[in-house]
Amino acid sequence: MTDLSGLETTPEVGDDKLGPAGAATLIADFVDVLIPGERLWPSASTVGVQGHLALRLMEERGKNALPTLVKAIEAAGGPLAGLDEAARVAVVQRFEEAEPDLFGWVRDATYIAYYENPFVAEAIVLTGHPYELRPHIKGYPVRRFDLASDTPRHGRGRYTKTSDVRRVDISGLDLESNRTQAWGLKR
Amino acid sequence: MTKSQDCDVLIVGAGATGALAATVLAQGGLDVLCLEQGAWVEPGDHPHYSSDWTWQRRTNWSSDVNKRHHPDDYPVETNSSQVLMWNGVGGSTNVYSAIWPRFRPSDFRKGDEHGLAPNWPISYEDLAPFYEKADRLIGTSGLAGDPAMPPRDPCPTGPLPFTRAASRLAEAFDKLGWHWWPAEAGVISENYDGRPACNGCGVCNGCPRGSMSKFSISIWPKALLAGTRLRPYARALKIEKGPDGRATGVHFVDRNTGRTEFQGAKLVIIAANGVGTPRLLLASDNLANSSDQVGRNLLHHTLVTSEFWVDEPIESHMGYVASLLGREFAETDVNRGFVNGFQFNCLTGTSSAGDAAAGWASNAKAPWGRGHHEWFERHFAHGIGVHAIGDDLPNPNNRVTIDPSVRDSYGLPAARLFYEPGENDRRMMNFMLDRMEDIAKAAGAFDYKATDYRDEHGVYRTPAWHMIGTCRMGADPERSVVNKWNQSWDVPNLFIVDGSVVATGGVVNPTPTISALALRAATYIRDNFRDLSMTTRPMAA
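Nothing here was measured: the structure is a model prediction, and the numbers come from that model.

Caption draft 1: Structural detail: the overall build of chain A. Counting its secondary structure elements, chain A contains 8 helices and 0 strands. Its C-alpha atoms give chain A principal-axis dimensions of roughly 75 × 50 × 45 Å. Burial statistics for chain A: of 187 residues in total, 43% are counted as buried. Counting only contacts in chain A whose residues sit at least 6 apart along the sequence, the fraction spanning at least 24 positions is 59%. When the accessible area of chain A is evaluated, it comes to approximately 10000 Å², of which 52% is carbon and sulfur surface. Across chain A, 22 positive and 27 negative side-chain charges occur, with their mean positions spaced 12 Å apart.

Quick look at the structure:
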């Protein structure tokens, strides 16, 4: 059975300096730097992303994760209240550079919580796309396959029949050399 | 410990292949009992009905067993692969995407073709009737007539909708002069067998509607109706062997009561997937392993992935997740610098706005701060994913073993999994990455991102959706674990019917082939049960 002992449900949400209210404000300010309000888009804190983030942080990374996040933002120059936008961005940039793994996890969790929100879903629809928060329930209207127009007519493609399989000459491949050390995207 | 009356056939594992085997054998009049360590997964259990399904899909509904915190699972120690596995009735069909292509004839003859992988002991033609039977049982969709594949019967339902993403891809492939074909899917495009047609929701990681063949909905009712007894929460601990060399039954723990029981059987079938099956055999005093091949030759496929985005809004969040299959490079051409081939599994886009921003197929992420919304508006519903999936060469060092120290809560050793791509595989993936970029350019993409799944240390961390080859079939008892009927060379009344038996991986998602193999093996067992229930030696080479 998976060990769940690291996932206690009694987090310490703030630190001595900020207290819980200050820590909550800090996280709300932080998510607004990641996703600010703009035109039809609400800001992240407006739709309550910070609450989801705090819970998910605790559930997935343990009870110390939330105070760790608060301290990491503080170490980068937070709290953010009272700072102008450029200074807030600078704090978050420093956090990203200092704690890339934690920052990446928090950024992704922030994005996901934001786009699970009905107000944000409505904004997506207003950009011109059908969008459902729970599309599985009714689905999307997708045009049926039209055999007349959608069937490929290119005539390309081949396969080797069982009886036609022949030995290929691999003597020039030198596969024993193990020479392709630079492979993938970094070549 | 309690002991029950012997059954005819005892199956370990209620996933895709266990379900199919149970159906055939119970319909054939045999007394079939199936042990499943996990639970039934009811439609309402799935995350699809919740607004937070994206988050759930990344956490407690992740297909990666090591990202969940689920008591039905068992530990899989690995320093490389992400392991797709769902332990429960229906197995990984609870979380898969059901892309449904078949192997090709040359996949069964790699020994003849280049000798760097073995021939299968059977041919494509041996399996073809069971592909057709599996399609009818499971419910599939697709378009017959692909010139890149052998002739076949029509799918039970016609092709799924040809999305705008598919159109855009088809234009790109035409420009390149490459083959493409509408994707075959284990998803029904019309109402079929009491299940509703796909509604195009795009949340294609399992399907509680049952439009995608979730085997607890599509197959298990048939097996149960035929008389199969299914025991969920029953974790197999050890297969017992008698003095005559035959399997006598399975020790298991009832996870509800904590009681250890022994179930005797005339014949035992293991259907526990490419990790669970070798784990159980190795933990059963190295059973069926005189060849030393149990756990070896783990195949994941070579896999690299890309995404590109086009200016035209193509609503790629709508419709079934796969769009086209591209088989231009599926056969060996040594002029490319490697043997074996690969296929493009072209997708649509993600149905999740959250995934579009936080990273989907290529893990491309929206920027934070000012500019986030502009990026999202340009990218969401404009993206197309492409997987290139290839035939990796079997390597005995890529393997599943049992961990010497880590054990599950019932004392069974954890599975330990090691995999790294070889020279031929690396060359193939380089070629695949270059060709995916060709597709993006031909499609007129304004943005493109690819992933080779290598981490910052260069380790290939494949999302190992396919875990196959670890108890391979063959014609030589010294180089394979089972014969052409999935029968153990060492233990004549022991059969393995899951994906561990494939000798090579082909260039495609393996579930259709594994399903056909399971049907073929089960049919053989049904037709020869009287002899198999007594014999002390394998019946056929």
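Caption draft 2: Summary view of the pattern of salt bridges. Summed over all chains, the structure comprises 43 salt bridges over all chains. Residue Arg 229 of chain B pairs with Asp 31 of chain B through a salt bridge whose shortest N-O separation is 3.1 Å. Linking Arg 229 of chain B in strand 6 (residues 229-231) with Asp 31 of chain B in the loop between helix 1 (16-27) and strand 2 (32-35), this pair joins segments that are 198 residues apart in sequence. Three or more residues are tied together by salt bridges with common partners; here these are Glu 38, Arg 39 and Glu 85 of chain A together with Arg 370 and Glu 377 of chain B.

Caption draft 3: Layout of the sheet that holds strand 5 (residues 181-182) of chain B. All names here are of chain B. Taken together, 6 strands build an open sheet; the order of strands is 5-11-12-13-10-16 and the sheet is antiparallel. Edge positions in the sheet fall to strand 5 and strand 16 (447-451), since each has one partner strand and no second. Where strand 10 (residues 302-309) meets strand 16, 5 bridges bridge the pair, whose relative direction is antiparallel. Note on strand 16: the bridge partner recorded for Trp 309 is Asp 447. Packed onto the sheet, helix 5 (residues 164-176) meets strand 10, strand 11 (322-326), strand 12 (342-347) and strand 13 (383-390) and runs at close to 20° relative to strand 11. Of the strands in this sheet, strand 10, strand 12, strand 13 and strand 16 are in contact with helix 11 (residues 423-442), which crosses strand 10 at around 15°.

Caption draft 4: Structural view of the confidence of the model for chain B. Scored by pLDDT, chain B comes out at a mean of 96, with 99% of its residues at no less than 70. For this predicted complex, the interface confidence comes out at an ipTM of 0.95, alongside a pTM of 0.96.

Caption draft 5: Molecular detail of the interface of chain B and chain A. Each partner contributes residues to the interface: chain B has 101 residues there, and chain A has 81 residues. Across the interface of chain B and chain A, roughly 7800 Å² is buried in total on both sides, 60% from carbon and sulfur atoms. At the junction of chain B with chain A, the criterion picks out 6 salt bridges. Here Asp 434 of chain B makes a salt bridge to Arg 187 of chain A, at a shortest N to O gap of 3.0 Å. Counting across the chain B and chain A interface gives 42 residue pairs in polar contact (both at pLDDT 80 or more). Ranked by residue count, the leading element in the side of chain B that touches chain A is helix 11 of chain B, at 8 residues. Here the side of chain B that touches chain A is built from residues that sort into 45 nonpolar, 33 polar and 23 charged.

Caption draft 6: Looking closely at unusual backbone geometry. A cis geometry characterises the amide bond from Gly 78 of chain A onward to Pro 79 of chain A, with omega recorded as 0°. Topologically, Pro 79 of chain A is positioned in the loop between helix 3 (65-75) and helix 4 (85-98). Positioned with a positive phi, Asn 340 of chain B is a non-glycine residue whose angle comes to about 70°. One can find Asn 340 of chain B in the loop between strand 11 and strand 12. The phi dihedral of Ala 381 of chain B falls on the positive side, at around 70°, and the residue is not glycine. Assignment of secondary structure puts Ala 381 of chain B in the loop between helix 10 (372-379) and strand 13. Ala 381 of chain B gets classed as buried once you look at its relative accessible area, which sits at 4%.

Caption draft 7: Layout of the sheet that holds strand 3 (residues 76-78) of chain B. All names here are of chain B. Overall, mixed pairing links the 3 strands, which are arranged 3-15-14 in an open sheet. At either end of the open sheet lies a strand with only one pairing partner, and these are strand 3 and strand 14 (399-407). Across this sheet, the average inter-strand angle for adjacent strands is 35°, counted without regard to direction. Judged from the 5 bridges that link them, strand 14 and strand 15 (residues 413-418) form a sheet pairing that is antiparallel. Residue pairing across strands places Thr 401 opposite Arg 416, the latter belonging to strand 15. Of the strands in this sheet, strand 3, strand 14 and strand 15 are in contact with helix 8 (residues 273-283), which crosses strand 14 at around 60°.

Caption draft 8: Spotlight on the pairing of strand 1 (residues 2-12) of chain B. Residues and elements named next belong to chain B. As paired elements, strand 1 and strand 9 (residues 260-270) share 8 bridges and run parallel to each other. Within strand 9, the position partnered with Lys 3 by the bridge is Phe 262. With 4 bridges connecting them, strand 1 and strand 2 associate as parallel partners. The partner of Leu 10 across the bridge, within strand 2, is Leu 33.

Caption draft 9: Region of interest: the nonpolar core. Ile 269, Leu 281 and Tyr 320 of chain B are the most contacted members of the largest nonpolar core, which has 100 residues in total. What Leu 281 of chain B contacts, discounting residues up to four positions off in sequence, is Ile 239, Ile 270, Asn 286, Leu 287, Ala 288, Val 294, Cys 471, Leu 494 and Ile 496 of chain B. The next biggest cluster of nonpolar side chains, apart from the first, holds 54 residues, and it includes Ala 44, Leu 53 and Trp 105 of chain A together with Ala 357 of chain B.

Parameters and conventions
Residues numbered from 1 in each chain as written. Chains lettered and ligands numbered in written order. Predicted model: local features only at pLDDT ≥ 70, side-chain atom pairs only at ≥ 80, totals over all residues. Heavy atoms only, no water. Helix = DSSP H or I, 4+ residues; strand = E, 2+ residues; numbered from the N terminus. Buried < 20%, exposed > 50% of the residue type's maximum accessible area, 1.4 Å probe, protein only. Contact = heavy atoms within 4.5 Å. Areas by Shrake-Rupley, 256 points an atom, 1.4 Å probe, with all protein chains shown as cover. Lys, Arg positive; Asp, Glu negative; His and termini not counted. Charge placed at Lys NZ, Arg CZ, Asp CG, Glu CD. Salt bridge = Lys/Arg side-chain N within 4 Å of Asp/Glu carboxyl O. Pairing = 2+ DSSP bridges. Axes fitted to C-alpha atoms, helices over the stretch in contact; angles between N-to-C directions. pLDDT = per-residue confidence, 0-100. Buried area = accessible area lost by both parts, 1.4 Å probe. Polar contact = N/O pair within 3.5 Å; in protein donor to acceptor, adjacent residues only side chain to side chain. Nonpolar A, V, L, I, M, F, W, Y, C, P; charged D, E, K, R; others polar. Core = buried A, V, L, I, M, F, W, Y, C linked by side-chain atoms within 4.5 Å.

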